Amino acid sequence: MASRQPTTPPGPRPDAVGQADVAYAPARDILMKATGFMESYDFVLNPYSGCSFGCTYCYAAFFSRTPGDRENWGRWVRVKENAVALLEREETRPSKRLDGKTIYMSTVTDPYQPIERDLGLTRGLLDVMARHTPRLVVQTRSPDVTRDIDLFRRIEANGGRVQVNMTVTTDDEDVRKEFEPWCPSNASRLRAIGEVAAAGVQACITMTPLLLVNAPERFAADLLATGVERFIIQTFHFEKGKYTAQTRDEAIAIMAAKLGCGRAAFRREYEAHYDRAHAVLRERLPQLGEGKDGFRPPFGDAPADAPGPLFR
């Protein structure tokens with residue numbers, strides 16, 4: 001079948017990017033029915049499996065196929081090499097026709113992780129969507145998302161909707177480097193989402209989970225300086241299981257030290273810290289969604305510059 005053939009763009013096909021090994025294989029499907037945390041969407045779309053950003057709190061590690069994959073989260077990526085062909089096929093299927101569908105990209109990978117610079121797989125998927133009118137939310141922590149502003153604008157010009165979510169979890173680079181060891185800096189992410197907003201594309205900053213904030217007032221000012229008006233916040237989760245975040249011991253240790261407490265008192269001290277930071281951010285930020293409700297599709301029938309029902 002044509003949709004089972006490799007369709008990544010011609011050119012380099014790296015077998016490693018940074019610390020991560022890269023493998024290539026066809027997928028059976030690319031638009032998956034949204035369930036659980038994202039059940040309010042029609043579909044989720046993941047161009048890759050695995051993620052070389054390797055955030056230590058990432059819930060997606062729990063969906064890895066093997067214990068080895070979970071243990072080595074951040075050190076492997078699998079490319080769905082026929083993703084574009086699969087999405088083109090979905091154009092013709094009434095049950096998955098793209099027009100008017102709410103799509104979340106992505107739930108268990110980052111569509112702009114470093115391999116995307118070589119392959120352009122996410123861009124190929126956006127090019128297909130730009131022929132239609134989806135209601136698309138793009139979730140990333142990479143400044144590379146600015147590359148595709150032209151396609152976001154084309155989707156909207158055709159009558160679709162786009163929101164770009166940028167994850168920023170702390171104002172402390174030491175904490176960022178420990179929890180998000182292979183991710184771009186906070187400053188570069190804020191510059192990028194500011195560029196998205198300045199281009200007229202609806203933008204949102206997701207503090208999910210909010211780790212540690214050294215200076216809440218200044219952090220709020222930095223967030224607002226991007227020109228973004230929509231924000232989502234979520235606490236760090238301690239329990240294991242689906243749709244909750246969990247981290248490694250060494251990442252918790254550095255945050256406990258920053259909070260001036262031992263491991264035994266960490267949870268109590270973190271929760272008090274979160275409450276203080278949350279109070280400032282809730283007062284300063286114009287539209288602050290929280291948890292699962294904050295991630296509901298942000299479009300509705302309201303104009304792009306109006307507060308959506310999930311914000312309060």
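Refer to the preceding data block for the structure.
These lines cover the structure that appears in this document, whether it is placed above or below. Just so it is clear, the structure is predicted and the values come from calculations on it, not from any experiment.

Quick notes on the overall build of the protein
In step 1: Helices and strands together make up the secondary structure of the protein, namely eleven helices and twelve strands.
In step 2: Per-residue burial for the protein yields a buried fraction of 55% across its 312 residues.
In step 3: Taking contacts inside the protein between residues at least 6 apart in sequence as the whole, the part at least 24 apart equals 78%.
In step 4: About 13,200 Å² of surface is accessible on the protein, with carbon and sulfur atoms providing 50% of the total.

A word on the layout of surface pockets
In step 1: The space that makes up the largest pocket amounts to roughly 760 Å³.
In step 2: Considering the residues around the largest pocket, the lining is formed by 35 residues, among which Cys58, Tyr59, Ser106, Thr107 and Val108 are closest to the centre.
In step 3: For the lining of the largest pocket, the elements supplying multiple residues, two or more each, are strand E8 (135–140), strand E10 (202–210) and strand E11 (230–235).
In step 4: In terms of residue class, the lining of the largest pocket is built from 19 nonpolar, 13 polar and three charged.
In step 5: Its boundaries defined by the atoms lining it, the second largest pocket holds a volume of some 520 Å³.

Quick word on the nonpolar core
In step 1: Judged by nonpolar contacts, the single largest core of 83 residues is most densely connected at Met129 and Met207.
In step 2: The element that contributes the greatest number of residues to this core is helix H10 (residues 263–284), accounting for six residues.
In step 3: Residues contacting Met207, with those up to four places away along its chain left out, are Val168, Phe219, Leu223, Phe231, Ile232, Ile233, Gln234, Leu281, Leu285 and Leu288.
In step 4: One finds Ala34, Phe37, Met38 and Cys204 within the second-largest nonpolar core, a separate group that totals eleven residues.

Remarks on helix H5 (residues 149–157)
In step 1: Ile149, Leu151, Phe152 and Ile155 are the residues of H5 that are buried. Angularly, the buried residues of H5 cover 165° about the axis, an arc narrow enough to put them on a single face.
In step 2: In this structure, the buried side of H5 is in contact with helix H4 (121–129), E8, strand E9 (161–167) and helix H7 (186–198).
In step 3: With its phi angle positive at about 110°, Gly159 sits one or two positions after the end of H5.

Observations concerning the pattern of salt bridges
In step 1: Using the criterion set out here, one finds 21 salt bridges in the structure.
In step 2: Arg154 is the partner of Asp127 in a salt bridge, and the nearest nitrogen-oxygen pair spans 3.3 Å. Within this pair, whereas Asp127 is found in helix H4, its partner Arg154 is found in helix H5, the two being separated by 27 residues in sequence.
In step 3: The class of Arg154 is partly exposed, set by a relative accessible area of 37%.
In step 4: We note a salt bridge from Lys258 to Asp174, for which the minimum N-O separation is 3.2 Å.

A word on the pairing of strand E2 (residues 20–25)
In step 1: The pairing of strand E1 (residues 16–17) with E2 spans two bridges and is antiparallel. Across the sheet, residue Ala16 finds its bridge partner in E2, namely Asp21.
In step 2: The turn linking E1 back onto E2 is made up of two residues, and Gly18 within it adopts a positive phi angle of 60°.

Observations concerning the sheet that holds strand E3 (residues 31–33)
In step 1: The mixed open sheet is built from eight strands, whose spatial order is E3-E4-E7-E8-E9-E10-E11-E12. Edge positions in the sheet fall to E3 and strand E12 (287–290), since each has one partner strand and no second. The mean angle between the axes of side-by-side strands here comes to 25°, regardless of whether they run parallel or antiparallel.
In step 2: In the sheet, E11 pairs with E12 via four bridges, with the strands oriented parallel.

Observations concerning the environment of Glu180
In step 1: The residue Glu180 is located in the loop between helix H6 (173–179) and H7 in this model.
In step 2: A residue is classified by how much of its surface remains accessible, and Glu180, at 0% relative accessible area, is buried.
In step 3: Taking C-alpha positions, Glu180 is 9.8 Å from Gly74, a pair spaced 106 residues apart along the chain.
In step 4: In contact with Glu180, other than residues within four places in its own chain, are Cys55, Tyr57, Arg141, Thr169 and Arg189.
In step 5: At 2.6 Å, the side chain of Glu180 and the side chain of Tyr57 are in polar contact.

Conventions and cut-offs
Residues numbered from 1 in each chain as written. Predicted model: local features only at pLDDT ≥ 70, side-chain atom pairs only at ≥ 80, totals over all residues. Heavy atoms only, no water. Helix = DSSP H or I, 4+ residues; strand = E, 2+ residues; numbered from the N terminus. Buried < 20%, exposed > 50% of the residue type's maximum accessible area, 1.4 Å probe, protein only. Contact = heavy atoms within 4.5 Å. Areas by Shrake-Rupley, 256 points an atom, 1.4 Å probe, with all protein chains shown as cover. 1 Å grid on protein atoms, 1.4 Å probe; cavity = no way out; pocket = protein on both sides within 12 Å on 5 of 7 lines; lining within 4 Å. Points joined across faces, edges and corners; volume = space filled by probe spheres on them. Nonpolar A, V, L, I, M, F, W, Y, C, P; charged D, E, K, R; others polar. Core = buried A, V, L, I, M, F, W, Y, C linked by side-chain atoms within 4.5 Å. Arc of directions from axis to C-beta. Salt bridge = Lys/Arg side-chain N within 4 Å of Asp/Glu carboxyl O. Pairing = 2+ DSSP bridges. Axes fitted to C-alpha atoms, helices over the stretch in contact; angles between N-to-C directions. Polar contact = N/O pair within 3.5 Å; in protein donor to acceptor, adjacent residues only side chain to side chain.

Function-wise, these values are silent; they only describe arrangement.
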